[in-house]
Amino acid sequence: MGEFFDAALEFPTVVFTFPLVIVIGYWLFAAVTGVAGSAFDGADTGTGDAGDAGEASSSGGFAGLLAGLGLGGVPVTVVFSLVIAVAWFTGLVGTALFDSALILLPWLALMLYAAWQATWLLARPLRRILRSTSSPRNADFVGRVCLVRVGCAGETFGQAEITLDDGSTVLVDIRGEDGGEPIPAGSSALIFDYDPEGDFFRVAPAGAAADPLG
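Note on numbering: residues in each chain are counted from 1, in written sequence order. pLDDT decides what is reported in this predicted model: residues at 70 or higher carry local features, side-chain atom pairs at 80 or more are listed and counted, and totals for whole chains, interfaces and linings draw on all residues regardless. No hydrogens and no water enter the side-chain calculation; it runs on all heavy atoms of the structure.

**Structural notes on the overall build of the protein chain**
- The helix count covers DSSP runs of H or I at least four residues long, the strand count covers runs of E at least two residues long, and both are numbered beginning at the N terminus. On a plain count of helices and strands, the protein chain comes out with seven helices and five strands.
- Secondary structure elements in the protein chain, listed N-terminal to C-terminal, are α-α-α-α-α-α-β-β-β-β-β-α.
- Here the term buried applies to any residue with accessible area under 20% of the maximum for its type, exposed to any over 50%, and partly exposed to those in between, with areas from a 1.4 Å probe on protein chains only. Going through the 214 residues of the protein chain one by one, you find that 42% of them count as buried.
- Relative to all contacts within the protein chain whose residues are 6 or more apart in sequence, the contacts with residues 24 or more apart total 62%. In what follows, residue pairs with any heavy atoms lying within 4.5 Å of each other are defined as contacts.

Printed below as a string of structure tokens:
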């Protein structure tokens, strides 16, 4: 046990040891007080699926960053908890295997990559699980104009931000029209269909979709 604590307090593991303590304390507090429900309902990264739980207002820049990293649609508390936990565990493995600082220094970069990769892999199934508690339905977003955050062309992946009636925002997965023109980030697009199997929305450039004669 002593060796375990020594490894947890050595570089680079120690970088995430204390954040991990905070994460564990938060979830214990949430479990005891029932705050976890609020965390899932109100602390969303604001991206992913239109029906995701926790679709709340968030900064477009921050939400766009998480969307670009593939971590959207999951509550911020869950994202950071997973990142910290995976990074800490990876650091613990590195500390146990290596003693050289020349190896452990770049190992810190590997810790961050492993944390992002693991969280990215878990984000999509988590979005599907959380969708069961969502308020807005996917159909509610068809016909709305959205702001493209991650550009798309045809079947290529993209994401767009929708402003809801209460002023909050949500980012959704989008695809363009088959054989349609590319829709760059920063442009407006019209949501005209939802694909339940692929769990994404079809969009077209807002100008052309809203005014076919234009």
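**A short note on the sheet that holds strand β4 (residues 188-195)**
- The pairing criterion is simple: DSSP has to find at least two bridges between the two strands. Taken in spatial order, the five strands of this closed barrel run β1-β2-β3-β5-β4, and their pairing is mixed. Here the strands of the sheet are splayed against their neighbours by 55° on average, with no regard to which way each runs.
- In this structure, strand β1 (residues 145-150) lies alongside β4, joined through three bridges in antiparallel fashion. The residue bridging valine 145 from the neighbouring strand is leucine 190, located in β4. Angular values range over 0 to 180 degrees, each being the angle between N-to-C directions of two axes fitted as lines to C-alpha atoms, with helices fitted over their stretch in contact.

**Remarks on the confidence of the model for the protein chain**
- Summary statistics for the protein chain give a mean pLDDT of 74 and a share of 72% for residues scoring 70 or more.
- You can read pLDDT as the predictor saying how much it trusts each residue, on a scale of 0 to 100. Mean pLDDT across the secondary structure elements of the protein chain bottoms out at helix α3 (residues 36-42), with 46, and peaks at β1, with 89.
- Across residues 37-60 the pLDDT falls below 50, and counting only partners more than four positions away or on other chains, this stretch makes 94 contacts in the model.
- Of the regions scoring below 50 in pLDDT, residues 208-214 engages in four contacts with residues more than four places distant in sequence or in other chains.

**A short note on the nonpolar core**
- Residues Phe16, Val74, Val79, Ile84, Ala87, Trp88 and Met111 are the most contacted members of the largest nonpolar core, which totals 18 residues.
- For this core, the elements supplying multiple residues, two or more each, are α1 (2-8), α2 (14-33), α5 (76-97) and α6 (101-130).
- Looking at this core, the element that brings in the most residues is α5, giving seven residues.
- For alanine 87, the contacting residues outside a window of four places in its chain are Phe16, Met111 and Ala115.
- By size, the runner-up hydrophobic cluster in this structure holds 16 residues, among which are Cys146, Leu164, Val170 and Val172. As used in this record, nonpolar core signifies buried Ala, Val, Leu, Ile, Met, Phe, Trp, Tyr and Cys residues forming a set joined through side-chain atoms within 4.5 Å.

**Thoughts on the packing of aromatic side chains**
- Ring geometry is summarised as follows: Phe, Tyr and Trp rings, the Trp one being its six-membered ring, pair when their centres sit within 6.5 Å, and such pairs are stacked at plane angles under 30 degrees, edge-to-face over 60 and tilted between the two. Here the structure, examined in full by the defined rule, presents five aromatic pairs.
- Judged by centre distance (5.7 Å) and plane angle (50°), the ring pair of tyrosine 113 and tryptophan 116 falls under tilted. In this pair, tyrosine 113 and tryptophan 116 both sit in helix α6, three residues apart, roughly one turn of the helix.
- Throughout this description, the term charge over a ring refers to an Arg CZ or Lys NZ atom that lies within 6 Å of the ring centre and within 35 degrees of the ring normal. Seen from the ring of phenylalanine 200, arginine 175 lies directly overhead, with NZ or CZ sitting 4.6 Å from the centre.

**A closer look at α2**
- The first and last C-alpha atoms of α2 sit 29 Å apart over 20 residues, in line with the 28 Å expected at 1.5 Å per residue.
- Phe16, Thr17, Leu20, Val23 and Ala30 are the residues of α2 that are buried. For α2, the angular spread of buried residues about the axis comes to 150°, placing them on one side. Along α2, exposed side chains directed more than 90 degrees from the buried face belong to Phe18, Val21, Ile22, Leu28 and Val32. Each helix should span, by expectation, one fewer than its residue count multiplied by 1.5 Å. Taking the helix axis as origin, the arc is that swept by the directions to the C-beta atoms.

**Structural notes on the pairing of strand β3 (residues 169-175)**
- Counting buried residues along β3, seven of its seven residues qualify, which places the element largely inside the surrounding structure.
- Pairing analysis gives six bridges linking strand β2 (residues 158-163) to β3, with the strands arranged antiparallel. Counterpart to alanine 160 in the pairing with β3 is valine 172.
- What sits between the antiparallel neighbours β2 and β3 is a turn of five residues, in which glycine 167 has the positive phi angle 95°.

**Some words on the pairing of β1**
- Pairing analysis gives three bridges linking β1 to β2, with the strands arranged antiparallel. Across the sheet, the residue bridging to valine 150 is glutamine 159, located in β2.

**Observations concerning the side chain of glutamine 159**
- One can find glutamine 159 in strand β2.
- For glutamine 159, a relative accessible area of 3% gives the class buried.
- Think of a polar contact as two N or O atoms within 3.5 Å of one another; within protein, one of them needs to be a possible hydrogen donor and the other a possible acceptor, and neighboring residues in sequence only count if both atoms come from side chains. A distance of 2.7 Å separates a polar atom in the side chain of glutamine 159 from a polar atom in the side chain of aspartate 173.

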